[in-house]
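Coordinate inspection notes
So the chains spell out like this:
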Amino acid sequence: MTQVSLTSLIAGARAGLLVSFPTDTVPALAAIPEKAGLIFLAKQRSQDKPLILMAASAEDLWLYVKGNENEYKVWQEVAGKYWPGGLTLVLPASDRLPKVMNPIDPTTIGIRVPNSAIAQTILAQTGPLATTSANFSGQPPLQTMAEIEIQFPQVLIATTEYQGEILGVGVPSTVAKWTGINWQILRQGAIKLEISTDNQI
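Note that the structure is predicted; figures quoted are calculated from it, not measured.

Looking at the packing of aromatic side chains
As enumerated under the stated definition, the model contains six aromatic pairs in all. Where W75 meets W178, the ring centres are 6.3 Å apart and the plane angle is 80°; that geometry is what we call edge-to-face. On the criterion of sequence distance, the pair formed by W75 in helix 3 (residues 69-82) and W178 in strand 9 (residues 174-178) is long-range, its members being 103 residues apart. An identical accessibility class is assigned to W75 and W178; each is buried. Ring pairing ties together the aromatic residues W62, Y72, W75, W83, W178 and W183, which thus form one cluster.

As for unusual backbone geometry
In this model, W83 is joined to P84 through a cis peptide bond whose omega is -5°. Mapping P84 onto the fold places it in the loop between helix 3 and strand 5 (87-92). One non-glycine residue with positive phi stands out, namely Q44, at about 55°. Summarising the element assignment, Q44 is placed in the loop between helix 2 (37-43) and strand 4 (52-54). What makes Q44 exposed here is its relative accessible area of 58%.

Re the pattern of salt bridges
As a working rule, side chains carrying opposite charge can pair if their charged atoms are close by. Enumeration over the complete set of coordinates arrives at one salt bridge. Between D24 and R112 there is a salt bridge whose closest N-O contact spans 3.0 Å. Here the residue D24 occupies a position in the loop between strand 2 (19-21) and strand 3 (28-31), and R112 occupies one in strand 6 (residues 108-112), the gap between them amounting to 88 residues. Each member of the pair, D24 together with R112, is buried.

Looking at the layout of surface pockets
Considering only enclosed or pocket space, the largest pocket measures out at about 620 Å³ in volume. Lining the largest pocket are 35 residues, with R45, P50, I52, V175 and R187 sitting closest to its centre. Element by element, the count of residues in the lining of the largest pocket is highest for strand 6, at four residues.

As for the nonpolar core
If you look at the biggest cluster of nonpolar residues, it comprises 43 residues, and the most contacted ones within it are W62, W83, L87, L89, L91, I111 and W183. Breaking this core down by element, the ones donating at least two residues are strand 3, helix 2, helix 3, strand 5, strand 6, helix 5 (145-151) and strand 9. Sorting elements by how many residues they give to this core places helix 3 first, with five residues. In this structure L91 touches W62, V65, W75, T107, T108, I109, I111, W178 and W183, once residues within four positions along its chain are discounted. Ranked by size, the runner-up nonpolar core spans 19 residues in total, among them A28, I32, A56 and L123.

Observations regarding helix 1 (residues 6-14)
Turning to helix 1, its buried residues number three or more, namely L6, L9, I10, G12 and A13. Looking down the long axis of helix 1, one finds its buried residues gathered within 160° of arc, a one-sided arrangement. Those residues of helix 1 that are exposed and angled more than 90 degrees off the buried face are T7 and R14. Taken together, the buried residues of helix 1 touch strand 1 (3-4), strand 2, helix 4 (117-126) and strand 8 (156-158). Positioned one or two residues after helix 1, G16 has a phi angle of 100°, which is positive.

Let's talk about the pairing of strand 9
Taken across its five residues, strand 9 has four buried, putting it largely inside the fold. Of the pairings in the sheet, the one linking strand 5 to strand 9 comprises four bridges and is parallel in character. Pairing of V90 across the sheet is with K177, part of strand 9. One ladder, built from four bridges, connects strand 9 with strand 10 (residues 183-187); its direction is antiparallel.

With respect to the sheet that holds strand 7 (residues 129-133)
One open sheet accounts for ten strands, arranged 1-8-2-3-7-4-6-5-9-10; its pairing is mixed. Unpaired on one side and paired on the other, strand 1 and strand 10 mark the two borders of the sheet. Sheet topology places strand 5 next to strand 6; four bridges connect them, and they run antiparallel. Across the sheet, L89 pairs through a bridge with I111, a residue of strand 6. In this fold helix 3 packs onto strand 5, strand 9 and strand 10, with an angle of close to 170° to the strand it touches most, strand 5.

About the criteria used
- Residues numbered from 1 in each chain as written.
- Predicted model: local features only at pLDDT ≥ 70, side-chain atom pairs only at ≥ 80, totals over all residues.
- Heavy atoms only, no water.
- Phe/Tyr/Trp six-rings, centres within 6.5 Å; stacked < 30°, edge-to-face > 60°.
- Helix = DSSP H or I, 4+ residues; strand = E, 2+ residues; numbered from the N terminus.
- Buried < 20%, exposed > 50% of the residue type's maximum accessible area, 1.4 Å probe, protein only.
- Salt bridge = Lys/Arg side-chain N within 4 Å of Asp/Glu carboxyl O.
- 1 Å grid on protein atoms, 1.4 Å probe; cavity = no way out; pocket = protein on both sides within 12 Å on 5 of 7 lines; lining within 4 Å.
- Points joined across faces, edges and corners; volume = space filled by probe spheres on them.
- Core = buried A, V, L, I, M, F, W, Y, C linked by side-chain atoms within 4.5 Å.
- Contact = heavy atoms within 4.5 Å.
- Arc of directions from axis to C-beta.
- Pairing = 2+ DSSP bridges.
- Axes fitted to C-alpha atoms, helices over the stretch in contact; angles between N-to-C directions.

Now the structure itself:
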C-alpha cells in the first residue's frame with residue numbers, strides 16, 4: 001500500500017523518495033531536485049525533456065534562476081499576475097539548480113507555484129521539488145491517485161482523505177519560455193497568457 005499520510009509523504013520526499021500529490025492541473029510525480037533522476041527512471045522519460053521546479057511561493061524559486069534587474073522585474077510581474085496557477089515559466093537557470101533537473105540543457109529551468117492547498121502544504125515543508133505529470137512518458141497524464149498507485153507502486157501517494165479540495169482541471173500547465181526580450185509559448189495549457197508590452201523588454 002503506497003498511500004500514506006501527508007506527514008509521511010513529506011518525510012519521504014525530504015529523504016529522497018518519489019512522491020505523488022494532487023495539484024491544480026494534473027497530479028504530480030515529485031522528488032527533491034537532487035533526486036530528479038528517479039523521476040526520469042520511473043517515467044521512462046527521455047533526458048531531453050526537463051522537469052519543472054515547483055514551490056509553495058515565488059520567493060522559493062527566484063534563487064534557482066538568474067537574470068538582470070529588468071528581467072527579474074518582468075518575470076515577477078508575470079508571476080504576480082498568474083501565480084499560484086497553471087503557468088510554468090522557463091527561465092535561465094542559476095548555478096544552484098542541480099543539473100539532473102535538465103540534463104541536456106542545464107542552462108534553463110521551468111518554475112511554477114501551484115494553486116492547490118495540498119500541493120502548497122507539502123511544498124512549504126519540503127522546499128522546491130522537481131515535478132512532472134504522473135504517467136509513463138508519452139502517455140496521457142493519470143488523473144486519480146488510484147491510477148497512479150497501480151502504475152507507480154513504488155511511489156508514496158497522498159491519501160484520499162486530503163482530497164476534499166477540488167482536484168486539478170486535468171489539463172497540464174501552460175509553458176512560456178523567456179527569450180531574453182519576450183515570451184514564447186512552448187505549450188498552451190491551463191492558462192491563457194496575455195502578453196502585453198509591459199511583459200517584455
